[in-house]
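Per-entry structural report
Chain residues, written in single-letter form:
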Amino acid sequence: MSTALILGAVLAVVCVVLVALPFLREPDPLSDELDALTPERRRRLALSEERDRALAALKELEADHRAGRVNDEDYRISIGPLRREAAEALRALDGDARGKGEQAGRRDGGD
Amino acid sequence: MAELGRAALVVTLGLCLYAVVAGSYAAARRRRRLAGSARNALIAAFGSTLVAAGVLAAGFLRSDFSLTYVANHSNRTLGGVYKLSAFWGGQEGSLLLWLLILTGYAALAVWVNRNRARDLVVWVTPVLAGIAVCFSFLLVVVASPFAVQAAPLDGAGLNPSLQNPYMMAHPPFLYLGYVGLAVPFAFAMGALLSGRTDERWIVATRRWTLIAWTALGIGQLLGAHWAYVEVGWGGYYAWDPVENAALMPFLAATAFLHSVMIQEKRGMLKVWNVVLVALAFCLSIFGTFLTRSGVVNSIHSFSESDIGPWFLALIVIAVVFSTTLIIWRLPLLRSTTRLESLVSREAVFLYNNLLLVALCLTILWGVAWPILSEAVRGTSVVVGRPYYDFFLRIFGLPLLLLMGIGPLIAWRRASLRGLGRTFTGPAIVAVVTGIVLLLLGAGSSIPGLIAYTFSAFVLAAIALEFVRGTRARRALSSESWPGAFFSLIGRNRRRYGGYVVHVAIVLLAIGIAGSNSYDSVVEGKLAVGQSLALSGYRVTYQGLTERDTPHAAEVRAHLLVSRNGKSLGTMEAGKNSYKIAGPDPQVSSEVGIRTNYLTGEDLFVIPEQINDDGSVYFRIFVKPLVNLIWLAGIVFLLGSVIALWPDAREQRRLAVRYDEAGSPVRGR
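What you see is a predicted model; the values in this text were computed from it and never measured. Residue indices begin from 1 for each chain and proceed along its sequence in written order. For naming, the first written chain is A and the first written ligand is 1, with later ones following in the order written. For this predicted model, a pLDDT threshold of at least 70 governs which residues receive local features, and a threshold of 80 or more governs which side-chain atom pairs are given and counted, while totals over whole chains, interfaces and linings are taken from all residues. Just so you know, side-chain values use all the structure's heavy atoms and leave hydrogens and water out.

Some remarks on the overall build of chain A
- Secondary structure assignment for chain A yields three helices and zero strands.
- Secondary structure counts use DSSP, requiring at least four H or I residues in a row for a helix and at least two E residues in a row for a strand, with both numbered from the N terminus. Counting from the amino terminus, chain A carries its helices and strands in the arrangement α-α-α.
- Intrachain contacts of chain A at a sequence separation of at least 6 include 56% that bridge at least 24 residues.
- Surface accessibility of chain A: about 6,800 Å² in total, with carbon and sulfur atoms responsible for 59%. Whether two residues are in contact is decided by their heavy atoms: any pair within 4.5 Å suffices. Throughout, the Shrake-Rupley method with a 1.4 Å probe supplies accessible areas, and for residues the shown protein chains are the sole cover considered.

A word on the interface of chain B and chain A
- Counting residues at the interface gives 66 residues for chain B and 50 residues for chain A.
- In short, buried area is how much 1.4 Å probe accessible area vanishes from two parts on joining, totalled over both. Its largest share of buried area at the contact with chain A, chain B owes to Arg30(B), Arg32(B) and Arg33(B), together 16% of the area lost on that side.
- The working definition used for a salt bridge is a side-chain nitrogen of Lys or Arg within 4 Å of a carboxyl oxygen of Asp or Glu. On the surface where chain B and chain A come into contact, there are seven salt bridges.
- Residues Glu60(A) and Lys265(B) are paired through a salt bridge, measuring 2.6 Å at the closest nitrogen-oxygen approach.
- Polar contact is defined as a pair of N or O atoms within 3.5 Å, subject to the rule that within protein one atom must be able to donate a hydrogen and the other to accept it, and that residues adjacent in sequence are counted only when both atoms are side-chain atoms. Our count for the contact surface shared by chain B and chain A stands at 18 residue pairs in polar contact (both at pLDDT 80 or more).

What to know about the packing of aromatic side chains
Residue and element names in this part refer to chain B.
- Between the rings of Phe, Tyr and Trp (Trp by its six-membered ring), a pair exists once the centres lie within 6.5 Å; its type follows the angle of the planes, with under 30 degrees stacked, over 60 edge-to-face, and the other angles tilted. Counted under the stated rule, the structure contains 33 aromatic pairs over all chains.
- Relative to Phe-395, the ring of Phe-391 has its centre 5.8 Å away and its plane inclined at 20 degrees; by these criteria the two rings are stacked. Here Phe-395 and Phe-391 lie together in helix H14 (residues 385-408), a separation of four residues that amounts to about one turn.
- The buried label goes to any residue with under 20% of its type's maximum accessible area, the exposed label to any with over 50%, and the partly exposed label to all in between, with areas taken from a 1.4 Å probe on protein chains only. For Phe-391, a relative accessible area of 23% puts it in the partly exposed group.
- Aromatic side chains Phe-423 and Phe-457 sit 5.9 Å apart centroid to centroid with 40 degrees between the ring planes, which places their arrangement in the tilted category. With Phe-423 in helix H15 (residues 416-439) and Phe-457 in helix H16 (residues 446-477), this residue pair connects regions lying 34 residues apart in the sequence.
- Taking the relative accessible area as the measure of exposure, Phe-457 reaches 6% and is therefore buried.
- Clustering of aromatic rings is evident, with ring pairs tying together Tyr-237, Trp-239, Tyr-387, Tyr-388, Phe-390, Phe-391 and Phe-395.
- Arg-114 extends its terminal NZ or CZ atom over the ring of Trp-111, reaching a point 3.8 Å from the ring centre.
- For a lysine, the NZ atom is tested; for an arginine, the CZ atom; a charge sits over a ring if that atom is within 6 Å of the ring centre and within 35 degrees of the ring normal. Stacked on the ring of Trp-328, the Lys or Arg Arg-329 has its end atom at 3.8 Å from the ring centre.

Section: the confidence of the model for chain A
- Here chain A shows a mean pLDDT of 81. Residues at 70 or above account for 85%.
- Residue-level confidence of the predictor, termed pLDDT, takes values from 0 up to 100. No element of chain A has a lower mean pLDDT than helix H3 (residues 72-110) of chain A, which averages 73, and none a higher one than helix H1 (residues 3-25) of chain A, which averages 92.

Overview of the domain arrangement of chain B
Residue and element names in this part refer to chain B.
- Split by domain assignment, chain B resolves into domain 1 (1-155), domain 2 (164-337 + 349-359), domain 3 (415-518 + 628-641) and domain 4 (520-578 + 585-623).
- The domain limits used here are those given by an automatic or database domain assignment. Between domain 2 and domain 4, the C-alpha centre-to-centre distance is 40 Å.
- Approximately 670 Å² of surface area, both sides summed, lies buried where domain 2 meets domain 4, with 51% of it carried by carbon and sulfur atoms.
- Our enumeration of links across domain 2 and domain 4 arrives at zero salt bridges.
- Our count for the contact surface shared by domain 2 and domain 4 stands at two residue pairs in polar contact (both at pLDDT 80 or more).
- Looking at side-chain class alone, the side of domain 2 that touches domain 4 contains three nonpolar, two polar and one charged residues. Classification used: nonpolar for Ala, Val, Leu, Ile, Met, Phe, Trp, Tyr, Cys and Pro, charged for Asp, Glu, Lys and Arg, polar for all others including Gly.

Remarks on the side chain of Asn244(B)
Residues and elements named next belong to chain B.
- By secondary structure assignment, the location of Asn-244 is in helix H10 (residues 241-266).
- Judged by its relative accessible area of 0%, Asn-244 is buried.
- Within the local environment of Asn-244, its side chain forms a polar contact with the backbone oxygen of Trp-239, the two atoms lying 3.2 Å apart.

Considerations on the packing of helix H11 (residues 270-293) of chain B against helix H12 (residues 308-328) of chain B
Residue and element names in this part refer to chain B.
- Between the N-to-C directions of two axes lies an angle of 0 to 180 degrees, each axis being a line fitted to C-alpha atoms and, for a helix, fitted only over the stretch in contact. H12 packs onto H11 with a crossing angle of 175 degrees between their chain directions and a minimal axis gap of 9 Å. As judged from the angle between their axes, H11 and H12 are roughly antiparallel. In this structure, H11 contributes Val-271, Val-274, Val-275, Ala-278, Phe-281, Cys-282, Ile-285, Phe-286, Thr-288, Phe-289, Arg-292 and Ser-293 to the contact, and H12 contributes Gly-308, Phe-311, Leu-312, Leu-314, Ile-315, Ala-318, Val-319, Ser-322 and Ile-326.
- Residue composition of the contact of H11 with H12, by class: 16 nonpolar, four polar and one charged. Oblique is the label for any angle not under 35 degrees, not over 145, and not in the 65 to 115 range, which are roughly parallel, roughly antiparallel and roughly perpendicular in turn.

Details of the sheet that holds strand S1 (residues 520-526) of chain B
All names here are of chain B.
- Whether two strands pair depends on DSSP finding at least two bridges between them. Overall, antiparallel pairing links the four strands, which are arranged S1-S9-S8-S7 in an open sheet. Bordering the open sheet on either side are S1 and strand S7 (592-596), each of which pairs with just one other strand. Averaged over neighbouring strand pairs, the angle between their axes works out to 15 degrees when direction is ignored.
- Pairing of strand S8 (residues 601-610) with strand S9 (residues 616-623) involves eight bridges; the strand directions are antiparallel. Counterpart to Ile-606 in the pairing with S9 is Arg-619.

Considering H10(B)
All names here are of chain B.
- To estimate the expected span of a helix, count its residues, drop one, and scale the result by 1.5 Å. Compared with an ideal rise of 1.5 Å per residue, which puts 26 residues at 38 Å, H10 spans 37 Å between its outermost C-alpha atoms and is within 8% of the ideal.
- Most of H10 is tucked away: 24 of the 26 residues are buried.
- In this structure Asp-240 caps H10, since a side-chain oxygen of it lies 2.8 Å from the backbone nitrogen of Val-242.

Digging into the pairing of S9(B)
Residue and element names in this part refer to chain B.
- In terms of burial, S9 is a largely internal element, six of the eight residues being buried.
- Of the strand pairs in this sheet, S1 and S9 are connected by seven bridges, and their pairing is antiparallel. Within S9, the position partnered with Gly-524 by the bridge is Phe-618.

Quick word on the nonpolar core
Residue and element names in this part refer to chain B.
- We define the nonpolar core as a collection of buried residues of types Ala, Val, Leu, Ile, Met, Phe, Trp, Tyr and Cys that are connected through side-chain atoms lying within 4.5 Å of one another. Phe-135 and Trp-201 are the most contacted members of the largest nonpolar core, which has 195 residues in total.
- Here the element with the most residues in this core is helix H9 (residues 200-231); it accounts for 15 residues.
- Apart from residues no more than four positions distant in its own chain, Phe-135 is found in contact with Leu-95, Trp-98, Leu-99, Leu-102, Ile-285, Phe-311 and Leu-314.
- Ranked by size, the runner-up nonpolar core spans 18 residues in total, among them Leu-559, Ala-573, Leu-603 and Val-622.

Looking at the environment of Ala44(B)
- Take Ala44(B): it is sitting in helix H2 (residues 32-61).
- Note: C-alpha distance between Ala44(B) and Phe65(B) (21 residues apart in sequence) is 29 Å.
- Not counting residues within four places of it along the chain, the set of residues in contact with Ala44(B) comprises Cys15(A), Leu18(A) and Leu15(B).

Topic: unusual backbone geometry
Residue and element names in this part refer to chain B.
- The phi dihedral of Trp-239 falls on the positive side, at around 55 degrees, and the residue is not glycine.
- Structurally, Trp-239 is set in the loop between H9 and H10.
- You will see that Ser-478, though not glycine, has its phi angle at about 55 degrees, which is positive.
- Exposure remark for Ser-478: the relative accessible area of 66% places this residue in the exposed category.

Concerning the pattern of salt bridges
- In total, this model carries 25 salt bridges over all chains according to the counting rule given.
- Residues Arg33(B) and Asp32(A) are paired through a salt bridge, measuring 3.3 Å at the closest nitrogen-oxygen approach. Here Arg33(B), found in helix H2, pairs with Asp32(A), found in the loop between H1 and helix H2 (39-67), and the two come from separate chains.
- When its relative accessible area of 13% is taken as the criterion, Arg33(B) is described as buried.
- Note that Glu60(A) and Arg495(B) form a salt bridge whose closest N and O atoms lie 2.3 Å from each other. Of this pair, Glu60(A) sits in helix H2 while Arg495(B) sits in helix H18 (residues 493-517), each in a different chain. The same class applies to Glu60(A) and to Arg495(B), which are both buried.
- Each of Glu85(A), Arg266(B), Glu340(B), Glu346(B) and Arg412(B) takes part in a single network of salt bridges with overlapping partners.

And the structure:
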């Protein structure tokens, strides 16, 4: 057998070990299930994105106004709806967290 | 060692197949360990491909001509660095480089994201592995770089036109770009497969897209510079199908980089973004198909081969796969908000996107038409330069203008009074520039004049942005002017990095307009002592010298150059006759270029024909501002690095978002 083929075989063995590593490390795991976003977490993530977007828009408007890209009149027109959006997003996120807390509380009470 | 190379490629193919099958099963059935195993297989595939690449590189360095590929693309006299770049000088080696970069990107992408958004990343592994399967299959079955033969005494040598420093760097950069687009594509498809159509895939791929896009841009500029100094026709971009093949995914990726900001800021254009990512990737495969299939006649393409149908199949699979997924997930891709005004920054981004995609598809039509006409009518109808130049002006000039308008308009909506205030300064600069240029005679080319006027507008708008931002920063933090300036950029890297890239595009536009619309040319046969004159230059032919080097026989014409009666010294231009195998030596034109670094102008001399009686037929160009094109490359790279630089504050904000949502940054 040539050196090249021996090296090829060594390479194949190393690769097989690497591929089998997750099973070699945990031959008998407590859980083999992947993390997943539940619909509830998905909704919360969407709310977080909304909040970040609204806050970023507010920040951007402030910066644009300070830099003179947005004049006073445009600023006054835009700031109200943006603040409302940000407040609604924060409220929705808070409500969601409170709802989750109450659910957890009910579950604890029932146990 | 050819057996080791072949074995390593077979191992890569096996690992990638495993990663596709096991990865898909693990993702569908939510098996954690199997998903880890598939991920490891993809990482190991990079290792085995690296071994194969190492074997081929060693073959070149040792001049092992028992490897047919090495014998066909190298010889004993080839210089050291070119021995290495000969690696990608042919079909099989460049395919191996493709696979090496692809598996490298894939391994890095799945490793870096191994603990982030696992439900999304778990689908990325089989998608990336699926692409790698196609390339490793081709290398194992169709175009192996490890075919062996009885070793000849010497090799055929490397194509002389590839023996150029720019050509050493051009293909790797292009591949980094082409292949890099596979990562955002895989994440987009992963998002659709997993149903995670939130911003996570965009956050995860933002830098990958930017890296691929930057590499593609730099790769094209390196290729343009190579064409300029080496091919010897007096230009840098010929709308060649293979050149266009790299431009199309670049345009699609540019559109994506802009439209993705609308999704981040406003939650809009989700479908459009996925379509653009898929389009950019499919166009990168289409470009690879064009280069390798031999269906188009180009100096950049490899010789005709039977590899084309495989790439065609890959394109069809990618198009059908991505289209099906997008249609399936349409309900999840609905926008949460709507465009509030047609006069807003997001609207400008939208117009920019439409123009970029229109330009991209127009070029695609121009590239595809000869292939389609040959398939349907039996004769290939080539689309010429006027077609492309026309559409470049139609779509490119408004795009240039939009680069200036975008920064001046606020998000969501802008009033006419507000616009009037912000536009006044840049508009005055543009009008004054236009009038001055008109008085100086730039009206000889209307598109050139418009390009310069728009460029002035964009530069003024960007300068104004930096001044306003720095002033506002100073007012907030009481920093010094330089401190406020750097702090402004540091706190908004993507925005200000983007503006620097826009400056690069303006430099590019000025360079292209100057060198195309205002260039001049003269040609003629000169005997010793005779001269040619143009644009104030006088070029006098002084005679020939010949030199023999280990690689080539070199002939040089010596020229005396003066401008407006003042001597500028001498320059050389000639031909090299390379000593490579074959009945005829390969001859290349070695153009003479004299650069005026102050004005960016080049005096460009092509020795078209060197006659036996010592006379030479010269073609001489004066190309105003052409060097701004190469300067644009440096500025483009600077802007991209600024935009790419990690932003700790943004990382923290994102970490808070995903932790809050219970989408663990460090999952199990």
